[in-house]
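# Survey of secondary and tertiary structure
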Amino acid sequence: MANQLHVQVVAVEEKIWSGDAEMLVARTTEGEIGVLPHHAPLLGLLKEPSQVRVKLAGGEQLTYDVTGGFLSIDADGVTVLAESASPAQPESR
């Protein structure tokens, strides 16, 4: 698993999730961005409200509803620092 991206999803009050993933997808005020390992450094303003999707090895996906905040990408990975974040509720059909 050498080609993993370290991801942290943090809200003002608590750490929501931290771990390694294959990819993170977030919506910024400039549009949707996909983050893979070795992505160039970036600081983005999260669109409000929106969702952040963390794609794990094996195909599992974690989805969080976020309100406000930032997305920070650096050599250590990606951090989502949101005003609030919670696991997304499955869509009812």
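Coordinates for the structure precede this section.
Let me begin by describing the structure that accompanies this report. From a predicted model like this one, the values you see are computed outputs, not experimental measurements.

Basis of the calculations
- Residues numbered from 1 in each chain as written.
- Predicted model: local features only at pLDDT ≥ 70, side-chain atom pairs only at ≥ 80, totals over all residues.
- Heavy atoms only, no water.
- Patch = residues over 30% accessible without salt bridge, like charges linked within 9 Å, V, L, I, M, F, W, Y side chains within 5 Å.
- Areas by Shrake-Rupley, 256 points an atom, 1.4 Å probe, with all protein chains shown as cover.
- Salt bridge = Lys/Arg side-chain N within 4 Å of Asp/Glu carboxyl O.
- Helix = DSSP H or I, 4+ residues; strand = E, 2+ residues; numbered from the N terminus.
- Buried < 20%, exposed > 50% of the residue type's maximum accessible area, 1.4 Å probe, protein only.
- Pairing = 2+ DSSP bridges.
- Axes fitted to C-alpha atoms, helices over the stretch in contact; angles between N-to-C directions.
- Core = buried A, V, L, I, M, F, W, Y, C linked by side-chain atoms within 4.5 Å.
- Contact = heavy atoms within 4.5 Å.

Moving on to a nonpolar patch on the surface. Where nonpolar side chains cluster on the molecular surface, the patch consists of Leu43, Leu45, Phe70 and Leu81 and spans about 400 Å² of accessible area. Here phenylalanine 70 is to be found in strand 8 (residues 70-74).

With that settled, the discussion passes to the environment of glycine 44. Considering the arrangement of structural elements, one finds glycine 44 in strand 5 (residues 42-45). In this structure glycine 44 comes out as buried when scored by relative accessible area, which is 10%. Distance in space between the C-alpha atoms of glycine 44 and valine 9 is 14 Å, their sequence separation being 35 residues.

With that settled, consider the sheet that holds strand 1 (residues 5-11). With respect to topology, 5 strands assemble into an open sheet ordered 2-1-9-8-5, the strand pairing being mixed. Both outer strands of the open sheet, strand 2 (15-21) and strand 5, are each paired with one neighbouring strand and no more. Going from strand to strand, the sheet's axes swing by 10° on average, the running direction of each strand aside. Here strand 5 pairs with strand 8 via 4 bridges, running antiparallel. Note on strand 8: the bridge partner recorded for leucine 45 is phenylalanine 70.

Across all of its chains, the model carries 2 salt bridges by this definition. Linked through salt bridges whose partners overlap, the residues forming this network are Arg27, Glu32 and Arg53.

Attention now goes to the sheet that holds strand 10 (residues 84-87). Within a sheet, neighbouring strands are paired by backbone hydrogen bonds and run either parallel or antiparallel to one another. Taken in spatial order, the 5 strands of this open sheet run 4-3-6-7-10, and their pairing is antiparallel. Bordering the open sheet on either side are strand 4 (31-35) and strand 10, each of which pairs with just one other strand. Averaged over all neighbouring strand pairs, the angle between strand axes comes to 20°, with direction disregarded. Of the pairings in the sheet, the one linking strand 3 (residues 23-28) to strand 4 comprises 5 bridges and is antiparallel in character. Pairing of valine 25 across the sheet is with glycine 34, part of strand 4.

Turning our eyes to something else, we now look at the nonpolar core. Ranked by internal contacts, the top residues of the largest apolar core, which has 23 residues, are Val7, Leu24, Val54, Leu71 and Val78. Residue assignment for this core shows that the elements contributing at least two residues are strand 1, strand 2, strand 3, strand 4, strand 6 (50-55), strand 7 (61-67), strand 8 and strand 9 (77-82). Here this core takes 4 residues from strand 1, the largest share from any one element. Once residues lying within four places of it in the same chain are set aside, the contact partners of leucine 24 are Leu5, Val7, Ile33, Gly34, Val35, Val52, Arg53, Val54, Leu71, Val78 and Val80.

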